[in-house]
Amino acid sequence: MAKDIRIIQVAFNVLDPDQLQQYEHVRLRPNQSGFLKRLIQRDIDGGFTGPRQPAADLQDDFMVEGFI
């Protein structure tokens, strides 16, 4: 089966702490290409919502006072 493979490079500025963390996270994956493709597919599908906020942090979200 023939393949038509296209390559897109991703650059990380490792002097930026956020980008360094992203670079290290991807670098440790055994299949970096597959990992990034899954992230892209999740974004396309609209299924990526990011980390959830712990319920303990939601307690002070709003305050109801004087309501009977």
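Conventions used here
- Residues numbered from 1 in each chain as written.
- Predicted model: local features only at pLDDT ≥ 70, side-chain atom pairs only at ≥ 80, totals over all residues.
- Heavy atoms only, no water.
- Salt bridge = Lys/Arg side-chain N within 4 Å of Asp/Glu carboxyl O.
- Buried < 20%, exposed > 50% of the residue type's maximum accessible area, 1.4 Å probe, protein only.
- Helix = DSSP H or I, 4+ residues; strand = E, 2+ residues; numbered from the N terminus.
- Patch = residues over 30% accessible without salt bridge, like charges linked within 9 Å, V, L, I, M, F, W, Y side chains within 5 Å.
- Areas by Shrake-Rupley, 256 points an atom, 1.4 Å probe, with all protein chains shown as cover.
- pLDDT = per-residue confidence, 0-100.
- Expected span 1.5 Å × (residues − 1).

Draft legend 1. Here's a closer look at the pattern of salt bridges. In the structure shown here, the tally under the stated rule is two salt bridges. Between Asp 4 and Arg 6 there is a salt bridge, with the nearest N and O atoms lying 3.0 Å from each other. The exposed category is assigned to Arg 6, whose relative accessible area is 68%. A salt bridge links Glu 24 to Arg 27, with the shortest nitrogen-to-oxygen separation between them at 2.8 Å. With Glu 24 and Arg 27 both in helix α1 (residues 17–27) and three residues apart, the pair spans about one turn of that helix. Residue Glu 24 is classed as partly exposed on the basis of its relative accessible area, which comes to 29%.

Draft legend 2. Main features of a nonpolar patch on the surface. Among the surface-exposed residues, Val 14, Leu 20 and Tyr 23 lie close enough to one another that they form a single nonpolar patch of about 220 Å² accessible area. Locating Tyr 23 in the fold gives a position in helix α1. Look at Tyr 23 and you get partly exposed, because its relative accessible area is 31%.

Draft legend 3. Inspection of the confidence of the model for the chain at higher detail. Mean pLDDT over the chain works out to 83, with 69% of the residues at or above the 70 mark. Ranking the helices and strands of the chain by mean pLDDT puts α1 first, with 96, and helix α3 (residues 55–58) last, with 55.

Draft legend 4. Structural view of helix α2 (residues 32–45). Compared with the 20 Å implied by 1.5 Å per residue over 14 residues, the 20 Å span of α2 between its first and last C-alpha is a close match. Of the residues trailing α2, Gly 46 is marked for its positive phi of about 75 degrees.

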